[in-house]
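So you can see what is in the structure, the chains are spelled out below.
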Amino acid sequence: MEIKLNEVSFSYNPRSQIETKALDKVSINFPEGKITSIIGRSGSGKTTIAELINALLFPSEGTIEYGSFLLSSKGIQNNHEINNLRVNIGLIFQFPEEQFFNMTVKDEISFGMKYFKYKTKDIDNRVKNSLKLVGLSEEYENRNPFTLSSGEKRKVAIASILAFNPKVIILDEPTIGLDALGKKNLIQLIRKLKMRLNKTIIIISHDIDLVHAVSDNVILLDKGKVITEGDKYTVFKNEELFKEYGMHIPKMIEFSNLVFRKKGIKIGYRDEINDLIKDIYRYVK
Ligand code: ADP
Ligand code: MG
């Protein structure tokens, strides 16, 4: 499912002394089956976008299109539609595992589906499938979620969203608190969700190397405005712009740019370090 933000503005505490304009006429397309990342320093409005798309907030101005369906400052006509929307748009919050409150992984993943009154047999199947998808074996069903490693907890939190089979998945700062292995596994999982299941994925992150590893398109946000957007290679060419807005570009692209500046050799942009090394060997031979 494609999502479009049309000139969306949003203020917290509008018409009060503490009004904060978090978004200012933001227009973004999130194409179906692609991974789009939103980056930008803290306070730039990234999480606000995620909460608007999930209809936890309504735009102050502008609209959000989901296929034939429209969200505006008036919200949605009835709650049934809101539930429909939320089932189709899985939002994985920052530190989702902090919201765990069930004593088994199975209950944790089932909780949302019980709320939405799914049938027991359907729930059981969906728990199994979503655990498999995130790479946890069936034995995890009876584990206590609070005793898992940070990477495993994150996987359980993601599984509880995947169980709904949403068309769109939004991950807010998914690598925070993960170690190197947890991060590597997450990158593989995100790639799998796109390749095998054709999900529309939105990633919100400070982690420029994650963004580089998985994204198709990148949007740089600052003070509630879109500064630049496009496919990641085009966007990351502009190293100076990123510096200006308190960000750096991915190390691998920085390296390619440096080699080009200093040596006049164009080694190209690569997603995987191994491919980059092969390119370099080709030049030094
Ligand atoms: P990011 O996720 O990029 O760090 P946010 O979307 O959380 O940015 O915040 C954007 C702006 O809105 C910031 O100025 C922030 O202080 C403000 N803001 C966020 N949440 C609230 C809230 N619940 N009440 C008031 N202001 C908020
Ligand atoms: Mg945030």
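Before going into details, it helps to say that this report is about the structure given with it. (Residues numbered from 1 in each chain as written. Chains lettered and ligands numbered in written order. Predicted model: local features only at pLDDT ≥ 70, side-chain atom pairs only at ≥ 80, totals over all residues. Heavy atoms only, no water.)

1. Side note on empty space enclosed by the protein
Per the counting criterion, the structure on display carries 1 cavity of 30 Å³ or more. One number sums up the size of the largest cavity: a volume of about 40 Å³. The residue makeup of the lining of the largest cavity, split by class, is 4 nonpolar, 3 polar and 1 charged. (1 Å grid on protein atoms, 1.4 Å probe; cavity = no way out; pocket = protein on both sides within 12 Å on 5 of 7 lines; lining within 4 Å. Points joined across faces, edges and corners; volume = space filled by probe spheres on them. Nonpolar A, V, L, I, M, F, W, Y, C, P; charged D, E, K, R; others polar.)

2. Concerning the sheet that holds strand β9 (residues 217–222)
Taking strand neighbours across the sheet as the criterion, the 6 strands line up as β6-β7-β8-β3-β9-β10 in an open arrangement whose pairing is mixed. This sheet does not close on itself; its edge strands, each paired only once, are β6 (89–92) and β10 (225–231). The mean angle between the axes of side-by-side strands here comes to 15°, regardless of whether they run parallel or antiparallel. Of the strands in this sheet, β3 (35–39), β7 (168–172) and β8 (200–204) are in contact with helix α6 (residues 180–197), which crosses β8 at around 155°. (Pairing = 2+ DSSP bridges. Helix = DSSP H or I, 4+ residues; strand = E, 2+ residues; numbered from the N terminus. Axes fitted to C-alpha atoms, helices over the stretch in contact; angles between N-to-C directions. Contact = heavy atoms within 4.5 Å.)

3. Structural notes on helix α3 (residues 105–115)
The set of residues buried in α3 consists of V105, E108, I109, S110, G112 and M113. Looking one or two residues past α3, K117 carries a phi angle of roughly 60°, positive in sign. (Buried < 20%, exposed > 50% of the residue type's maximum accessible area, 1.4 Å probe, protein only.)

4. So, the sheet that holds strand β2 (residues 20–30)
Within a beta sheet, neighbouring strands are joined by backbone hydrogen bonds and run either parallel or antiparallel to one another. The antiparallel open sheet is built from 4 strands, whose spatial order is β2-β1-β4-β5. The two strands at the open ends of the sheet, each matched to only one other strand, are β2 and β5 (69–71). Within this sheet the neighbouring strands show an average axis-to-axis angle of 25°, counted without direction. In this sheet, strand β4 (residues 61–66) lies alongside strand β1 (residues 3–12) in antiparallel orientation, the contact comprising 5 bridges.

5. Focus on the pattern of salt bridges
Tallying each qualifying case throughout the model produces 13 salt bridges. Salt-bridge contacts for K243 lead to E240; the nearest nitrogen and oxygen are separated by 3.9 Å. Note that K243 and E240 are positioned in helix α9 (residues 239–244) at a spacing of 3 residues, about one turn of the helix. Neither K243 nor E240 differs from the other in exposure class; each is exposed. (Salt bridge = Lys/Arg side-chain N within 4 Å of Asp/Glu carboxyl O.)

6. Structural notes on the nonpolar core
In this structure, I109, I158, L171, I190 and I203 are the most contacted members of the largest nonpolar core, which totals 36 residues. Those elements giving two or more residues to this core turn out to be α3, α4 (120–133), α5 (150–162), β7, α6, β8 and α7 (208–214). It is α5 that contributes the most residues to this core, 6 residues altogether. The contact partners of I158, leaving out residues within four places of it in the chain, are I92, V134, L171, L186 and L189. Within the second largest apolar cluster, 31 residues are counted, among which are L5, L23, I49 and L71. (Core = buried A, V, L, I, M, F, W, Y, C linked by side-chain atoms within 4.5 Å.)

7. A few points about a nonpolar patch on the surface
Taken together, the side chains of I273, I277, Y281, Y283 and V284 present a nonpolar region at the surface, about 540 Å² in accessible area. Of note, Y281 is situated in helix α11 (residues 273–284). On the basis of relative accessible area, Y281 is assigned to the exposed category, the value being 57%. (Patch = residues over 30% accessible without salt bridge, like charges linked within 9 Å, V, L, I, M, F, W, Y side chains within 5 Å. Areas by Shrake-Rupley, 256 points an atom, 1.4 Å probe, with all protein chains shown as cover.)

8. Here we look at the site of ligand 1
Close to ligand 1 lie Y12, N13, T20, A22, R41, S42, G43, S44, G45, K46, T47 and T48. Between an oxygen atom of ligand 1 and a main-chain N or O atom of S44, the distance comes to 3.2 Å. Within the contact set of ligand 1, an oxygen atom lies 2.9 Å away from a side-chain nitrogen or oxygen of T47. Considered on its own, ligand 1 offers 570 Å² of accessible surface; in the complex 61% of this is hidden by protein. Those elements that place two or more of their residues in the shell around ligand 1 are β2 and α1 (46–53). If one sorts the elements of the shell around ligand 1 by residue count, α1 sits on top with 3 residues. Of the residues belonging to the shell around ligand 1, the class tally is 2 nonpolar, 8 polar and 2 charged. (Near = heavy atom within 4 Å. Polar contact = N/O pair within 3.5 Å; in protein donor to acceptor, adjacent residues only side chain to side chain.)

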